[in-house]
Amino acid sequence: MSSIRVLPLNLSTTQKIVVAVSVTAGVALVGILANVLGRRKAMKLGQRRARRGPSGRRTRNSIRSPNNDMISLAGSKASARSMSPGGSVHAMSDRLSLASGSLGAGVLNAQLTPQQLGVMGMEALETVIGYWEDALAQHSSSATLSLMSPEDSEFCKEIHNLLDVAYALQEQSELLFLDERSVLFREEEIQREVASLHGSRVNGSHRGSDPGLDSGESFASALDQIADLREFEDFLEALPEMEKYPLYQSAVKHLEEQPVPYRSIRTEMVNCSSDAEYLAKLHCLRLAFQYLSKDDTKMKWIEDCGRQVLTDLLCLADKDPKDFLVAYESMVEYLHDENNWEEIERELELRNVKAMTFYDICLDFIVLDAFRDLDAPPSSVLAVVQNRFLTNGFKETALATAVWSVLKAKRRFLKFPNGFMSHFYAVSEHTSPIFAWGFFGPNEYLSEVCHYFRDQMVDFLKDLYNFQKVRYTTVEDLASDIFTLMKQRVDNIGVKFSQ
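The structure displayed is predicted, hence computed values, not measured ones. Throughout this description, residue numbers start from 1 for each chain and increase along the sequence as written. Note on the predicted model: pLDDT of at least 70 is required for a residue's local features to be given, and 80 or more for side-chain atom pairs to be given and counted; whole-chain, interface and lining totals, by contrast, use all residues. Based on all heavy atoms of the structure, the side-chain values leave hydrogens and waters out of the count.

**A closer look at the overall build of the protein chain**
Link 1 in the chain: Strands are runs of DSSP state E lasting at least two residues, helices are runs of H or I lasting at least four, and both sets are numbered from the N terminus onward. Across its full length, the protein chain holds 19 helices and four strands.
Link 2 in the chain: Taken over 499 residues, the protein chain has a buried fraction of 36%.
Link 3 in the chain: Working rule for contacts: check all heavy atoms of both residues, and any pair within 4.5 Å makes them a contact. Looking at the protein chain alone, contacts between residues at least 24 apart form 65% of all its contacts between residues at least 6 apart.
Link 4 in the chain: Using the Shrake-Rupley algorithm and a 1.4 Å probe, accessible areas are obtained, with residue cover drawn only from the displayed protein chains. Here the protein chain has roughly 30500 Å² of accessible surface; of this, 56% comes from carbon and sulfur atoms. Three exposure classes are used, based on accessible area relative to the maximum for each residue type with a 1.4 Å probe and protein chains only: buried under 20%, partly exposed in between, and exposed over 50%.

**A look at the nonpolar core**
The tendency in soluble globular proteins is for nonpolar side chains to be buried side by side.
Link 1 in the chain: By size, the foremost hydrophobic cluster in this structure holds 85 residues, and its most contacted members are Tyr359, Leu464 and Ile482.
Link 2 in the chain: If one sorts the elements of this core by residue count, helix 17 (residues 420-440) sits on top with twelve residues.
Link 3 in the chain: Throughout, nonpolar core names a set of buried Ala, Val, Leu, Ile, Met, Phe, Trp, Tyr and Cys residues whose side chains join them through atoms within 4.5 Å. Of all hydrophobic cores here, the second largest spans eight residues; its members include Leu125, Leu136, Leu163 and Ala166.

**Observations concerning unusual backbone geometry**
Link 1 in the chain: Residue aspartate 318 is not a glycine yet carries a positive backbone phi of 60°.
Link 2 in the chain: A residue is classified by how much of its surface remains accessible, and aspartate 318, at 71% relative accessible area, is exposed.
Link 3 in the chain: One non-glycine residue, asparagine 352, adopts positive backbone phi at about 70°.
Link 4 in the chain: In this structure, asparagine 352 sits in the loop between helix 13 (341-350) and helix 14 (358-375).

**A word on empty space enclosed by the protein**
Link 1 in the chain: Think of a 1 Å grid over just the protein atoms. A cavity is a set of points where a 1.4 Å probe fits yet cannot get out, a pocket is an open set with protein on both sides within 12 Å along at least five of seven lines, and lining residues have an atom within 4 Å of a point. Grid points are joined across faces, edges and corners, and a volume is the space filled by probe spheres set on the points. If you walk through the whole model with that rule in mind, you get two cavities of 30 Å³ or more.
Link 2 in the chain: Quantified by volume, the second largest cavity comes out at close to 40 Å³.
Link 3 in the chain: Residue lining of the second largest cavity: Tyr262, Arg263, Ser264, Tyr278, Leu282, Arg286, Tyr359, Asp360 and Asp364, and that is the complete set.
Link 4 in the chain: Broken down by secondary-structure element, the contributors of at least two residues to the lining of the second largest cavity are helix 10 (275-293) and helix 14.

**Observations concerning the pattern of salt bridges**
Link 1 in the chain: The term salt bridge refers to a side-chain nitrogen of Lys or Arg lying within 4 Å of a carboxyl oxygen of Asp or Glu. On inspection of all chains with the given rule, the structure shows 17 salt bridges.
Link 2 in the chain: As a salt-bridge pair, arginine 307 and glutamate 329 come within 2.6 Å of each other at their nearest N and O atoms. Of the two residues, arginine 307 is situated in helix 11 (residues 296-316) and glutamate 329 in helix 12 (residues 322-336); the sequence distance between them amounts to 22 residues.
Link 3 in the chain: On the basis of relative accessible area, glutamate 329 is assigned to the partly exposed category, the value being 35%.
Link 4 in the chain: Among the charged side chains, a network of salt bridges with common partners joins Lys300, Glu303, Asp304, Arg307 and Glu329.

**Concerning the packing of aromatic side chains**
Link 1 in the chain: Pairing of aromatic rings covers Phe, Tyr and Trp, the last through its six-membered ring, and needs centres within 6.5 Å; plane angles under 30 degrees mean stacked, over 60 mean edge-to-face, and all others mean tilted. Under the definition given, this model contains 13 aromatic pairs.
Link 2 in the chain: Arranged with centres 5.3 Å apart and planes meeting at 10°, the rings of tyrosine 278 and tyrosine 465 form a pair that is stacked. With tyrosine 278 in helix 10 and tyrosine 465 in the loop between helix 18 (444-464) and helix 19 (475-498), this residue pair connects regions lying 187 residues apart in the sequence.
Link 3 in the chain: Pairing phenylalanine 424 with tyrosine 425 gives two aromatic rings, centres 5.9 Å apart and planes at 45°, and the pair type is tilted. Grouping residues by exposure puts phenylalanine 424 and tyrosine 425 together as buried.
Link 4 in the chain: Connected via pairs of aromatic rings, a cluster forms that spans Tyr278, Phe289, Phe358, Tyr359 and Tyr465.
Link 5 in the chain: Think of it as a cone above the ring: NZ of Lys or CZ of Arg counts as a charge over the ring if it is within 6 Å of the ring centre and within 35 degrees of the ring normal. The side chain of lysine 281 reaches across the aromatic face of phenylalanine 467, ending 3.7 Å from its centre.

**Describing helix 10**
Link 1 in the chain: Over its 19 residues, helix 10 runs 27 Å from end to end, which matches the ideal 27 Å to within 8%, given 1.5 Å per residue.
Link 2 in the chain: Across the 19 residues of helix 10, 15 count as buried, placing the element largely inside the fold. Here, expected helix span is obtained from the residue count minus one, scaled by 1.5 Å.

**Concerning helix 18**
Because each turn of an α-helix spans 3.6 residues, side chains separated by three or four positions in sequence point in the same direction.
Link 1 in the chain: The first and last C-alpha atoms of helix 18 sit 30 Å apart over 21 residues, in line with the 30 Å expected at 1.5 Å per residue.
Link 2 in the chain: Of the residues that open helix 18, the one with a side-chain oxygen 3.3 Å from the backbone nitrogen of tyrosine 445 is asparagine 443. Each polar contact in these results corresponds to two N or O atoms within 3.5 Å; when the atoms are within protein, one needs to be able to donate a hydrogen and the other to accept it, and residues that are neighboring in sequence are counted only if both atoms are side-chain atoms.

**A closer look at the layout of surface pockets**
Link 1 in the chain: By volume, the second largest pocket amounts to about 300 Å³.
Link 2 in the chain: Lining the second largest pocket we find 16 residues, and of these Lys319, Trp404, His430, Pro433 and Ile434 sit closest to its centre.
Link 3 in the chain: When residues of the lining of the second largest pocket are traced back to their parent elements, those giving at least two are helix 12, helix 16 (392-412) and helix 17.
Link 4 in the chain: The element contributing the most residues to the lining of the second largest pocket is helix 16, with six residues.
Link 5 in the chain: Within the lining of the second largest pocket, the residues separate by chemical class into seven nonpolar, three polar and six charged. Ten residues, namely Ala, Val, Leu, Ile, Met, Phe, Trp, Tyr, Cys and Pro, are considered nonpolar, four, namely Asp, Glu, Lys and Arg, are considered charged, and the remaining ones, Gly among them, are considered polar.

**Remarks on a nonpolar patch on the surface**
Link 1 in the chain: Note that patches include only residues with greater than 30% relative accessible area and no salt bridge, and the join distances are 9 Å for like charges and 5 Å for nonpolar side chains (Val, Leu, Ile, Met, Phe, Trp, Tyr). On the surface, a cluster of nonpolar side chains totalling about 370 Å² of accessible area is made up of Val128, Tyr131, Trp132 and Leu162.
Link 2 in the chain: Considering every element that reaches the nonpolar patch, the biggest residue donor is helix 4 (residues 114-141), with three residues.
Link 3 in the chain: Relative to the helices and strands, tyrosine 131 resides in helix 4.
Link 4 in the chain: The exposure class assigned to tyrosine 131 is exposed, which follows from its relative accessible area of 58%.

**A few points about the packing of helix 11 against helix 19**
Link 1 in the chain: At a minimum axis separation of 11 Å, helix 11 and helix 19 run at an interaxial angle of 20°. One element, helix 11, and the other, helix 19, form an angle in the roughly parallel class. In this structure, helix 11 crosses over helix 19, and the sense of that crossing is left-handed. Between helix 11, through Lys298, Trp301, Ile302, Cys305, Val309, Asp312, Leu313 and Leu316, and helix 19, the contact on the second element is made entirely by Phe483, Met486, Lys487, Val490, Ile493 and Phe497.
Link 2 in the chain: When the residues that make up the contact of helix 11 with helix 19 are grouped by side-chain class, the tally is eleven nonpolar, no polar and three charged. Each axis is a line fitted through C-alpha atoms, and for a helix only the stretch in contact is used; angles between axes span 0 to 180 degrees, taken between their N-to-C directions. By the definition adopted for this analysis, an angle is roughly parallel if under 35 degrees, roughly antiparallel if over 145, roughly perpendicular if from 65 to 115, and oblique otherwise. Left-handed describes a crossing whose near helix is turned anticlockwise from the far helix by less than a right angle; the clockwise case is right-handed.

**Comments concerning the confidence of the model for the protein chain**
Link 1 in the chain: For the protein chain, the average pLDDT comes to 73, and 64% of its residues sit at 70 or higher.
Link 2 in the chain: Considering each helix and strand of the protein chain separately, the mean pLDDT is smallest for strand 3 (residues 78-81), with a value of 36, and largest for helix 10, with 95.
Link 3 in the chain: Low pLDDT, under 50, characterises residues 1-9; the stretch is placed with one contact to residues that sit more than four places away or in other chains.
Link 4 in the chain: One confidence number per residue, pLDDT, is output by the predictor and ranges from 0 to 100. Across residues 15-21, confidence stays below pLDDT 50; counting only partners more than four residues off in sequence or on other chains, it has three contacts.

Printed below as a string of structure tokens:
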């Protein structure tokens, strides 16, 4: 069979070189085009997978467990995926399994726990977000951005805003139903601690002998039993001291009969030995602050001290306190109007404030949450403050603008536009930039003053939970000691500001 000649057989040396170079360049060009097209296709598929989960919805429901395992929701189940190189899967604790366990058809007919209901709500929210994302993607793909009408652009913008709110709801629901610090995961532990705290004296009378022990048990078991008894005896040594504090003892009994509501467990921060001790003391402190609130003279002193301390701080930062004083007086006037109290209570309930006391609102909700936010500033704030190429004046202005933008956004989503939080944000617009600049800025003196102020407030809270600092004997004694500690801390801050 004759072959078809594509190229002539007799070529000169120059022709051979030209043909070789042409063929090589053509093959390389084809290879480059194929590689580029393949990468673009892979990137599109990768982006699609990153944005959506296997079910076509955005997957955001994940938390990190105490041992750095990642907990993710999938089909109403919580699975723990280890972060080890092998990617092995480990089972989580029983309480996380209960919180986000599989909900079969039989379970739906039974009474569901708050954890299970919360997980079901999170799954429903994830489904809703998936539909909204699909709606945005389909509407955006119907026309390019250059051909979109103003109405279409506004529609896309509104969907983006709606999705941002939904994502924020997802993060908040994770804290409520999946985070290990949630109240839903601590109830059993607290109940055990209360039972141990309340019944330890009764159990102590029977610790000398155990009918369950016999001579047939091993020597190792006997050693374990002796170690447990020693720990128990160490605990009993502190029990006679508890008899000096009848108010605290009544709080322990109250805690055994019914739970004490709380926003957050701060056992370690205030140096309590257990969550049960923290909650019992919290109950006592609420009673004492309620007693203090009945004394108009002392409440007026607290009000004036707050105004004076913050005014002095603004002056130290070379800021005019006039606008702050106007906002502060507006908030005080709003709080003094009894017609607003019911609305304030409803508004703060949405913020998970459990009791309408000075402690719960001002100390636990406002002060401690503010200090917590300062401990973990946004990366954008740190990027501005730590930029060596920006002047200090520009950094301070940029930081203040960022704080104002955050507060403005928060005020826009308030359910009560003229309520307590609105007045609080109005005051924060003048004080928050000062604290942010003091904690993160280069002004050493302002930084020293701000850190001293925080230390005084945190130490004051620790003193409130210290048997050696306050008397947990009666409500009146405890309230008196609290007010004395207040005056000491205010005097300390005043001395520091005057230096």
